[in-house]
Protein chains: 2
Amino acid sequence: MNNYRILVQYEGTRYQGWQKQDSTDNTIQGKLEAILTKMTGEFVQVDGSGRTDAGVHAVGQVANFHLNEPVLPQEVMEYLNRYLPEDIGVIRIEEVAPRFHSRLNAVEKTYTYRVINSNIPHVFARKYAFVVEETLDVDAMREASRYLCGTHDYKAFTSAKKGKKSTVRTVKDIVIQKENDMITFTYQGDGFLYHMVRILTGTLIEVGLGKRKPEDMEGILDSKIRENAGPLVPAKGLCLMEVKYH
Amino acid sequence: MNNYRILVQYEGTRYQGWQKQDSTDNTIQGKLEAILTKMTGEFVQVDGSGRTDAGVHAVGQVANFHLNEPVLPQEVMEYLNRYLPEDIGVIRIEEVAPRFHSRLNAVEKTYTYRVINSNIPHVFARKYAFVVEETLDVDAMREASRYLCGTHDYKAFTSAKKGKKSTVRTVKDIVIQKENDMITFTYQGDGFLYHMVRILTGTLIEVGLGKRKPEDMEGILDSKIRENAGPLVPAKGLCLMEVKYH
């Protein structure tokens, strides 16, 4: 049994997200599994570093899968790219230790969320950014982002229904860059809860609009109440950039 | 009569090109004219700096049009962007002298042609670049491009049928840059013949593949025979970047 690790890019626009669904199969995982299953003649399960939601993009998603019969990595990659639709691509492949697991072994993830802060159309970025016409106060958002970094219970910043799983995470850094009309929020952390990056961004945008103060972030974290945080911003602005392993 | 100059961006993928066609209207010019005609209640003609072919993109197309009744430029732009499809956008507008004409007054144009020189998929650039899997010799292409600059009769590098119009043009510069797998050819000149940038690129690519020598360019120019030049490369790699005026 060989274990293969792949680096996958996709434009999420047309898909229901990473995770395979039962009935209709319009997911990235589903597409990959179908092609590998066709190639090998037996069911192949592909594990991703994490799910990305419907409409979310990836520049650096990592996944792994096992094949019973050894195939050269390069051949597997070529086969995948021959049959994948053109909005999904495998850009690297390598054989890894048998026990490597893309989700369980991930130690850090980086996401970006992009905002077009203008009423002027951005034809070439329209599928990869969310439009906010009113001018955002970048300094205020940066100040607010400081409160959101660190190790906290991010319960207020997730759409996940309550369960037994911990909602404590460590956000290592949030960097907010502005280049012309484009504001890019970069989030680095050990892992993110369901919808967390998009709710963090929605909350920071409200700070940028002057609807909230930077220091309000502390209270929202402490409250652990979803309703106290800002809105869930659209999926299309979000992109999984990188997954790190030891 | 007010004369308005607009800067237009479009993803050409879905369109039959800039120039309005008689029957079906799936052109950039046609879309702009239809909206302005709807806005004013009378026919408005929009003149572009030049035609771009079906599938060609623009980051900096320039056009102008006259309106009988004065409307604030900002209002015209907002109206256009409200009704334009999202793959066309007006990013700047200004009132100009009555006799300004975007095509007749243009003195320089810049186009880029992008090539993905790899067999690894480029999901996010796939609509804006042509794939050449075999490694291209960038130095050889740069050497060849030197012969193609200057003032020449570019008859060999156009698909235009023979006519009385001059096929002499001045290509001010051709810059070839490579960044990872992406090769960008940038062409600056006083104007380009029908298909000229794409045939120049097709010929340079043949140099990059070792099928032609850099010094062959002189003979192709001198011959003035289309068949001696390289192939017409696909529209999707081409983008009109900038049009300059005095």
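Keep in mind the model is a prediction, meaning the values are calculated, not measured.

### Let's talk about the overall build of chain A
Right, so step 1: Across its full length, chain A carries 5 helices and 10 strands.
Right, so step 2: Taken over C-alpha atoms, the radius of gyration comes to 19 Å for chain A, in line with the 18 Å a tight globule of 246 residues would show.
Right, so step 3: Dimensions along the principal axes, computed over C-alpha positions, put chain A at roughly 60 × 45 × 35 Å.
Right, so step 4: Expressed as a percentage of contacts within chain A between residues at least 6 apart in sequence, the contacts between residues at least 24 apart total 72%.

### Comments concerning helix α1 (residues 28–40) of chain A
Residues and elements named next belong to chain A.
Right, so step 1: In this model, α1 (13 residues) spans 19 Å end to end at C-alpha, consistent with the 18 Å of a helix rising 1.5 Å per residue.
Right, so step 2: Of all the positions in α1, only Ile28, Gln29, Lys31, Leu32, Ile35 and Leu36 are classed as buried. Angularly, the buried residues of α1 cover 165 degrees about the axis, an arc narrow enough to put them on a single face.
Right, so step 3: Turning to α1, the residues buried within the fold contact β1 (2–10), β2 (47–48), β3 (57–67), α2 (73–83) and β4 (88–96).
Right, so step 4: At the exit of α1 stands Gly41, carrying a positive phi of roughly 80 degrees.

### Details of helix α4 (residues 196–208) of chain B
Residues and elements named next belong to chain B.
Right, so step 1: In this model α4 runs 18 Å from its N-terminal to its C-terminal C-alpha over 13 residues, within 8% of the 18 Å that 1.5 Å per residue would give.
Right, so step 2: With respect to burial, α4 is a largely interior element, 11 of its 13 residues being buried.
Right, so step 3: Elements that come into contact with the buried residues of α4 comprise β5 (106–116), α3 (138–148), β9 (182–189), α5 (216–223) and β10 (238–245).
Right, so step 4: Phi turns positive, to about 85 degrees, at Gly210, one or two residues after α4.

### Re the packing of α3(B) against α4(B)
Residues and elements named next belong to chain B.
Right, so step 1: It is at 8 Å that the axes of α3 and α4 come closest, and there the two elements cross at 135 degrees. With respect to α4, the axis of α3 lies oblique. Seen along the crossing, α3 lies across α4 with a hand that is right-handed. Contacts between α3 and α4 pair Val138, Ala140, Met141, Ala144, Ser145 and Leu148 from the former with Leu200, Leu204, Val207 and Gly208 from the latter.
Right, so step 2: When the residues that make up the contact of α3 with α4 are grouped by side-chain class, the tally is 8 nonpolar, 2 polar and no charged.

### Points about the pairing of β10(B)
Residues and elements named next belong to chain B.
Right, so step 1: Of the pairings in the sheet, the one linking strand β3 (residues 57–67) to β10 comprises 2 bridges and is parallel in character. Pairing of His57 across the sheet is with Cys239, part of β10.
Right, so step 2: Pairing geometry for β5 and β10, over 7 bridges, is antiparallel. When the bridges of β10 are listed, Thr110 appears paired with Glu242.

### Here we look at the relation of the copies chain B and chain A
Right, so step 1: Rotating chain B by 180 degrees and moving it 0.0 Å along the rotation axis overlays it on chain A with an RMSD of 0.0 Å. Viewed as a symmetry operation, the transformation between the two copies matches a two-fold axis. Across chain B, the rotation axis passes nearest the C-alpha of B:Phe124, at a separation of 5.2 Å.
Right, so step 2: Of all interface residues in chain B, 100% are interface residues in chain A too; the two copies therefore contact each other through one and the same surface.

### Points about the domain arrangement of chain A
Residue and element names in this part refer to chain A.
Right, so step 1: Its domain assignment divides chain A into domain 1 (2–96) and domain 2 (106–245).
Right, so step 2: Relative placement of domain 1 and domain 2: their C-alpha centres are 27 Å apart.
Right, so step 3: On the domain 2 side, the residues contacting the 15 residues of domain 1 number 11 residues.
Right, so step 4: Residue classes in the side of domain 1 that touches domain 2 are distributed as 5 nonpolar, 8 polar and 2 charged.

### Here we look at the confidence of the model for chain A
Right, so step 1: Summary statistics for chain A give a mean pLDDT of 96 and a share of 99% for residues scoring 70 or more.
Right, so step 2: ipTM for the predicted complex: 0.90, alongside a pTM of 0.92.

### Thoughts on the interface of chain B and chain A
Right, so step 1: Every contact between the two is made by 14 residues of chain B and, on the other side, 14 residues of chain A.
Right, so step 2: Broken down by element, the residue count for the side of chain B that touches chain A peaks at 3 residues, all from strand β4 (residues 88–96) of chain B.
Right, so step 3: In terms of residue class, the side of chain B that touches chain A is built from 7 nonpolar, 3 polar and 4 charged.

### A word on the pairing of strand β8 (residues 168–179) of chain B
Residue and element names in this part refer to chain B.
Right, so step 1: Direction of pairing for strand β7 (residues 150–153) relative to β8: antiparallel, over a ladder of 4 bridges. Following the sheet pairing, Asp153 is matched in β8 by Val168.
Right, so step 2: Pairing of β8 with β9, which is carried by 8 bridges, proceeds in the antiparallel orientation. The partner of Glu179 across the bridge, within β9, is Met182.
Right, so step 3: Count of turn residues in the β8/β9 antiparallel hairpin: 2 residues, of which Asn180 carries a positive phi of about 55 degrees.

### Looking at the environment of A:Asn81
Right, so step 1: Looking at the secondary structure, you find A:Asn81 in helix α2.
Right, so step 2: Judged by local crowding, A:Asn81 falls into the partly exposed class, with 18 C-beta atoms found within 10 Å.
Right, so step 3: A sequence separation of 76 residues divides A:Asn81 from A:Arg5, and the C-alpha atoms of the two residues are 15 Å apart.
Right, so step 4: Sequence-distant contacts of A:Asn81, defined by excluding residues within four places in its chain, comprise A:Gly89, A:Val90 and B:Pro121.

Rules and cut-offs
By convention here, each chain's residues receive numbers from 1 onward along its written sequence. Lettering for chains starts from A, numbering for ligands starts from 1, and both go in the order in which the items are written. In keeping with the predicted nature of the model, local features appear solely for residues at pLDDT of at least 70, side-chain atom pairs appear and are counted solely at 80 or more, and the whole-chain, interface and lining totals rest on all residues. Secondary structure elements are defined from DSSP: runs of H or I of at least 4 residues count as helices, runs of E of at least 2 residues count as strands, and each element is numbered from the N terminus. A radius of gyration in this sense is built from C-alpha atoms; the matching globule rule multiplies 2.2 Å by the number of residues raised to 0.38. Contact definition: two residues whose C-beta atoms, as placed from backbone geometry, lie within 7 Å. Helix span, expected: 1.5 Å multiplied by one less than the number of residues in the helix. Backbone-placed C-beta atoms define the burial measure: a residue is buried with 20 or more other C-beta atoms within 10 Å of its own, exposed with 12 or fewer, and partly exposed in between. Directions pointing from the helix axis toward each C-beta atom define the arc. Convention adopted: a line fitted to C-alpha atoms gives each axis, helices being fitted over their contacting stretch, and angles between N-to-C directions are expressed from 0 to 180 degrees. The scheme is simple: roughly parallel for angles under 35 degrees, roughly antiparallel for over 145, roughly perpendicular for 65 to 115, oblique for anything else. The hand of a helix crossing depends on one turn: near helix anticlockwise from the far one by less than a right angle means left-handed, and clockwise means right-handed. Each residue receives one of three labels: charged for Asp, Glu, Lys and Arg, nonpolar for Ala, Val, Leu, Ile, Met, Phe, Trp, Tyr, Cys and Pro, and polar for the others, Gly being one of them. Pairing between two strands requires that DSSP report at least two bridges joining them. The superposition of copies rests on a least-squares fit of C-alpha positions from residues with pLDDT of 70 or more in both. Segmentation of the chain into domains, including their bounds, is taken from an automatic or database domain assignment. pLDDT is defined as a per-residue confidence score from the predictor, taking values between 0 and 100.

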